[in-house]
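Inside the fold
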Amino acid sequence: MIKKKDIYDRIVHELSIYANEIEAKAENNLLDDNVFSEDFIKDVLNTCMGWNLINLNTDINRFPGIDLGDKERHIGVQVTSTKTSKKVSDSLDKVVSNNVDKDYNEIYFFILGKRQNSYSVDFAKYDTLDCSESNIWDVSDIIAWCAHYDSIHMEQVWNVIKREIVVEDPKSVISIEIKKGILELKNVVHKVFEISNQLIQTHYASEKYIDEVNKSLGELDKMLPYLDEITYITCKEVLEDSLELGKALQTYQKWEWKIEAKCICIMYKILVEKNLQEASELIANNIPGLQNGTDIVIDGDSLFDRLSELKIDEDILYKQFSVMKFQKVIEDSILRKSKKCIIVFSTDNSHYNKDLICRLEAEGTQVVIFENRLQTIEFVYEQIKRTFELVLVSSSEDMVSKVSLEKDDCYLYTVSFENDLPTRSIPIFFSKGNITWIGLNRCFNYNECKTINIKNITESIYKEMLANANDCISHQLRVDWSGDVYISTITGAEEIDGVKFRWESWDPGNGYAGPCAASDHEYVKQSVASLKKCWEDGVRGYCDYYAIL
C-alpha cells in the first residue's frame, strides 16, 4: 500500500490540475468536459460521503436543477462550472417549481473550478429545501476532507481519481516490459483456449504449456494497473484452471469427465481474449487499459418480454427482479466493469408497471420513461452515438435494426439468456455475453422463506416460498412433527432433529427452486399434492416425493 502522505500529495496534485483546467475552459465557454465530470464527481462524492448518488441526466431531464441524486437519502447535487449566485438561485428555483424537492430536498452544489468567496442567495425562502452556503463545494473541499481520512479511505478516493481523470504521472509512459507482458499474457491465454477447445473436439492436446502459464501467473500482478479488475481476476482463473488441466492430463491415461469439465470452465471465459486484445492496443499507445468501465443501457421493454418468454410469471418479475443485481451479472457475463446503468421503459408497452418502476428507483436504479416505443429506441440510439463503449441489453428486432447503423463506431456488447438472441443480430455486435440459469437466479431479490403449517398450505403460498428460494444454493423441503412446512438451506441428513420427513435435496442450478421453478404451475400443483399426501400417509424420514404422485 502506498504511504498516506504520498497518496495525499497525488490527490492534491491531480485535483488542482483538474480544477484549473476546468476553470480555464469555462472562462472560454469550452464546456464539453462538464457532462463527463458529472460521473467523476458522482463517484468521488459517493466514495467520500458514503452516498449512493446516480446520474439523473438524460435527454429528457426529469429532475431540473440537479444532476445527481441519492433517492434513499433525498440528496440532490448540481454539478456546474458556473459559480455565480444567480446560478445557485436559478437551480433552486427549478428544483422547487418542478417539484423535484419531493424526492430530493437536501441540495448541494459542486463547482467545477473554484467557488466564490461568498454567495448572495436568500436560502431562507426555499423552506422546503435543506440548503445553505456551506452546501456549495469545490475541489478544495475534497482535498480538505482527504486530509483527515485514514490511509484506506484516502486510497479509495485516489483510485477514483486515478480511474476517472488523466493522471500526470512522471512514469506515465508505459514501459516496454509492461507492453511485452500484456502481449505475452494475451498469447498464453489464447493458447490455453486453443488447447481447451482442441481437447473438447479431439480429446487430445499437447501438455507443453505449463511453464508458460506459470511464468504468466508470476508476472500477472504487474499487469493489474493496466487491466480492468474483472479481466485481471478472469485471467488469473483461466491460468490457474489451465494448470489444473495440465495436471489432470498428466494424471489420467484416458479421457475423464474432470478434464472436460475444466475445459468447459475455461472456454466459458473466452470473452477475456477480447479484453486483452483491447488492452494491448491501448497500451501500445501509452494509454492505460481497461480502467474506466463501460456504460450499460437496458431496453426494459425487450428485457421483460424476454424474461416472460422464459416463463417467469409477471408477479414474480415485478416483485423480485433487481436491475442492480442484473448489472453485476452482466459484468460477469461480459467480463467488464460497468460505470453507469440505465433501464428504459415506454408506457405503451405491456410490461410498464408503476409499482415496478418505483421499486427499481428505490433500489437506486436509474430509470428513464418515455411515452412510446419510438422514443425509447431513439434514446438508446443517441446513447450509442455519444459513447465509444456500451452494453446494450436487448433482442427486439426494432432495436437491432436501429443500433446496427452505429456498429462500426461503437464497441458494443449484447447479453442473452441461454443464447436466446435473434440469429440475425449476432453479427452486429462486437461480442456477446450469455447468462445461464444460475446467473439468472442471481438477478432476483430473495426474502426469508416462510414457514407455513400443512393445514394452511396452498399453491399460491407454496409458489411464493419457492420464488424466495435462491436456486444458486442447495435447499431441501422439510416438515416438522407439528406440520410446519419450510424450505431449508440445511440439506441431506444434517440437523434433522424435529423433522418428521424431508424431500430429496435440491442441488444448485437443478431448477427445483427459484423464480423459474415457482412459475411452473404444474410443478407447483404436483408439489403441493405430494406434500399433503406425504402428511396424510404419515411418511417419516427421507422420501422422494415424485414416487408418491
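Conventions we followed
Residues numbered from 1 in each chain as written. Predicted model: local features only at pLDDT ≥ 70, side-chain atom pairs only at ≥ 80, totals over all residues. Heavy atoms only, no water. Buried < 20%, exposed > 50% of the residue type's maximum accessible area, 1.4 Å probe, protein only. Helix = DSSP H or I, 4+ residues; strand = E, 2+ residues; numbered from the N terminus. Pairing = 2+ DSSP bridges. Polar contact = N/O pair within 3.5 Å; in protein donor to acceptor, adjacent residues only side chain to side chain. Expected span 1.5 Å × (residues − 1). Contact = heavy atoms within 4.5 Å.

Let us now look at the pairing of strand β15 (residues 499-503). The buried fraction of β15 amounts to five of the five residues, a majority that puts the element mostly inside the structure. Sheet topology places strand β13 (residues 476-480) next to β15; three bridges connect them, and they run antiparallel. Residue pairing in the sheet places Val479 in a bridge with Phe501 of β15. Strand direction decides the pairing type here: β15 and strand β16 (residues 541-543), joined by three bridges, are parallel. Following the sheet pairing, Arg502 is matched in β16 by Tyr542.

Our focus in this paragraph is the environment of Gln116. Relative to the assigned elements, Gln116 resides in the loop between β4 (106-111) and β5 (136-137). When the C-alpha positions of Gln116 and Asp138 are compared, they lie 9.7 Å apart, and in sequence the two are 22 residues distant. In this structure the side chain of Gln116 is engaged in a polar contact, spanning 3.1 Å, whose partner is the backbone oxygen of Ser118.

Attention shifts here to helix α6 (residues 176-202). Taking 1.5 Å as the rise per residue, α6 with 27 residues should run 39 Å; its terminal C-alpha atoms sit 38 Å apart, in good agreement. Buried within α6 we find Ile178, Gly181, Ile182, Leu185, Lys186, Val188, Val189, Val192, Phe193, Ile195, Ser196 and Leu199. If you follow the buried residues of α6, they end up packed against α7 (210-223), α8 (229-251), α9 (257-267) and α10 (272-283). Backbone geometry just downstream of α6 places His203 in the positive-phi region, at approximately 65°.

Negative phi characterises most residues that are not glycine, and trans characterises most peptide bonds. In this structure, His74 takes a positive phi of about 60° despite not being glycine. Within the element layout of this structure, His74 appears in the loop between β2 (68-70) and β3 (75-80). Judged by its relative accessible area of 37%, His74 is partly exposed. Here the phi dihedral of Asn99 falls at roughly 60°; this positive angle occurs in a residue that is not glycine. Here Asn99 lies in the loop between α3 (85-97) and β4. Among the residues examined, Asn99 registers a relative accessible area of 43% and is labelled partly exposed.

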